[in-house]
Amino acid sequence: MYRKVVEFMSSQVSSPSFHSHSVIRIFFRYVIPSILSLLAISTASLIDGFFIGNYVGTEALAAINLLMPFFSLLFGIALMLAVGGAIKAGLYIGAKEYRLASEIFSKTLMAVFIITACTVPIALFFAQPLFLILGADPELIPWMNEYFNVIIYSTVVQLCGLVLYYFLRADDYPELGMHALLLGAVVNIILDSVFVYYFNWGLQGAAWATFIAQSMQILLLARYFFMKEHRLNIVWPKTSWLELMHTAYNGFSEFVNEFSIGVVILVLHWIVNTQSGVEGIAAFSVINYLIFMSLMTYYGIVDAMHAILAPNIGARRFSRVFDFMCLAGFSISILSLLFLSSIFIFRINIVEFFLKDEAVVVADLVSEFIFLIWPIFIFNGFNVLICAYLTCAQKPLHSTVIALLRSLFLPIILALIIYYFFKGNTYLYALPLAEMLTFSVAVFFIYRYRPSEIKKAII
């Protein structure tokens with residue numbers, strides 16, 4: 001069965017650049033725009049946190065953090081369809097089956113639009129029960145309402161833009177995706193300063209800044225359709241919509257990653273709220289920003305690997321697959337060291353960046369949380385890289401196992417055990433422990449399905 005899959009992939013791949021150009025050249029051509037794009041997103045998110053924490057308050061920071069599990073669910077669904085669909089479209093493009101590539105693109109875009117558009121009225125109608133499920137205290141519900149009533153509309157635009165971004169990369173337009181994400185980040189930062197700081201519009205101002213930035217971003221992405229050599233178009237699909245099921249299955253580990261993060265945050269919010277109240281949730285939101293920024297950096301590499309590895313596996317160029325993985329692993333090692341060094345050297349500056357001077361309790365909690373979770377930054381990059389490799393190698397079950405272990409089962413089980421048997425905030429040790437244990441499983445999987453072994457399986 002595996003041989004048939006790879007023979008199909010091999011027949012689809014014809015882009016000479018993936019085969020003939022140097023490994024280093026291709027790697028950095030895709031990785032640099034991808035990292036810059038995702039760093040732009042994370043920087044905009046950090047600036048959001050800066051303005052909200054300093055000019056609105058710690059309660060507002062906590063309110064936004066409580067909404068993360070809900071948006072992780074929506075983002076996970078869109079990412080699952082976008083990643084799986086973009087890989088399939090890339091194979092069709094390689095075979096010059098442009099109509100089929102356009103159909104899977106159109107199906108994915110329509111599906112994401114319908115899902116998110118239908119979610120908006122339902123979420124607004126059930127907003128109060130949703131906030132309570134997410135663990136909101138009564139004092140935080142007005143803050144959540146203020147932000148949610150605007151940002152929910154922005155989600156439709158943002159997730160449709162996400163689909164465009166992935167498919168543009170599949171059609172060899174990574175630079176346009178980078179430019180769009182950079183534009184969105186810059187606009188978001190500028191409007192945050194205007195709406196939140198200058199006009200004093202609070203959380204609603206931050207939400208409007210995001211909405212406008214995402215709208216400008218998708219408009220720039222739409223420029224793709226006016227380029228002479230673009231190969232994807234929005235068409236009415238003639239082939240079966242069941243194809244989406246296959247692409248969703250291949251991208252399922254991406255959904256598991258995002259959805260599981262939301263569930264873990266939900267459980268941790270309950271524990272943090274029990275231990276430290278609103279101040280603890282505000283402090284944990286700062287930790288979330290740090291983890292988010294590290295993952296966005298690693299995902300810059302991992303997203304590029306999705307585009308690079310699949311064609312080379314399909315063309316049976318396994319020595320190049322090995323070289324790409326070594327380059328990616330080395331890059332993640334360097335970035336991990338830089339990130340850890342920055343956290344410890346600039347720890348006090350990080351706390352001051354997010355919080356007002358009078359938020360002493362929250363600042364002390366942030367410092368304590370950093371010392372508890374820092375090993376997470378050593379292992380999480382390697383885990384997401386191996387997960388991406390297994391997805392490209394047509395091993396979705398194994399990549400899903402890694403995603404479930406690191407993002408759902410181990411963090412929740414370990415957090416509850418430590419919380420029950422030990423005092424204080426030691427339950428946060430669950431996060432780095434989960435990544436460490438998952439890494440041992442991931443190493444076994446990548447050894448078992450290393451490029452040379454996959455080559456043997458199809459000979």
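Above: the structure in question.
Described below are features of the structure shown in this document. (Residues numbered from 1 in each chain as written. Predicted model: local features only at pLDDT ≥ 70, side-chain atom pairs only at ≥ 80, totals over all residues. Heavy atoms only, no water.)

**A closer look at helix 18 (residues 430–448)**
Side chains three or four residues apart in an α-helix point the same way, a direct result of the helix having 3.6 residues per turn.
Okay, so step 1: With 19 residues, helix 18 should reach 27 Å at 1.5 Å per residue; the first-to-last C-alpha distance of 27 Å fits that figure.
Okay, so step 2: Residues Ala430, Leu431, Pro432, Ala434, Glu435, Thr438, Ala442 and Phe445 constitute the buried set of helix 18. (Helix = DSSP H or I, 4+ residues; strand = E, 2+ residues; numbered from the N terminus. Expected span 1.5 Å × (residues − 1). Buried < 20%, exposed > 50% of the residue type's maximum accessible area, 1.4 Å probe, protein only.)

**Points about the packing of helix 8 (residues 141–170) against helix 10 (residues 202–221)**
Okay, so step 1: Between helix 8 and helix 10, whose axes approach to 8 Å, the crossing angle comes to 15 degrees. If you check the angle between helix 8 and helix 10, you find them roughly parallel. The hand of the helix 8/helix 10 crossing is left-handed.
Okay, so step 2: For the contact of helix 8 with helix 10, the class distribution of residues is 17 nonpolar, eight polar and one charged. (Axes fitted to C-alpha atoms, helices over the stretch in contact; angles between N-to-C directions. Parallel < 35°, antiparallel > 145°, perpendicular 65-115°, else oblique. Left-handed = near helix turned anticlockwise from the far one by under 90°. Nonpolar A, V, L, I, M, F, W, Y, C, P; charged D, E, K, R; others polar.)

**Remarks on the state of the cysteines**
Here a disulfide denotes one covalent bond, and it connects the sulfur atoms of two cysteines.
Okay, so step 1: Considering all chains together, one arrives at zero disulfides under this definition.
Okay, so step 2: Cysteine Cys387 shares no disulfide, and the gap to the nearest cysteine sulfur, in Cys392, comes to 10 Å.
Okay, so step 3: Residue Cys392 is classed as buried on the basis of its relative accessible area, which comes to 2%. (Disulfide = S-S within 2.5 Å.)

**Concerning empty space enclosed by the protein**
Okay, so step 1: Counting across every chain of the model gives two cavities of 30 Å³ or more.
Okay, so step 2: Within this model, the second largest cavity holds a volume of roughly 40 Å³.
Okay, so step 3: Leu74, Ile77, Ala78, Val112, Ile115, Thr116 and Leu159 together form the lining of the second largest cavity.
Okay, so step 4: If you list the elements that add at least two residues to the lining of the second largest cavity, you get helix 5 (68–94) and helix 6 (98–125).
Okay, so step 5: Split into classes, the residues belonging to the lining of the second largest cavity amount to six nonpolar, one polar and no charged. (1 Å grid on protein atoms, 1.4 Å probe; cavity = no way out; pocket = protein on both sides within 12 Å on 5 of 7 lines; lining within 4 Å. Points joined across faces, edges and corners; volume = space filled by probe spheres on them.)

**Focus: the packing of helix 17 (residues 396–421) against helix 18**
Okay, so step 1: Axis separation between helix 17 and helix 18 bottoms out at 8 Å; the angle between their running directions is 150 degrees. Judged by the angle between their axes, helix 17 and helix 18 are roughly antiparallel. Helix 17 and helix 18 meet at a crossing whose hand is right-handed. Packed against helix 17, whose contacting residues are His398, Val401, Ile402, Leu405, Arg406, Leu410, Pro411, Leu414, Ala415 and Ile418, the element helix 18 presents Ala430, Leu431, Leu433, Ala434, Glu435, Leu437, Thr438, Val441, Ala442 and Phe445 at the interface. (Contact = heavy atoms within 4.5 Å.)

Keep in mind that these numbers describe shape and distance, not what the molecule does.
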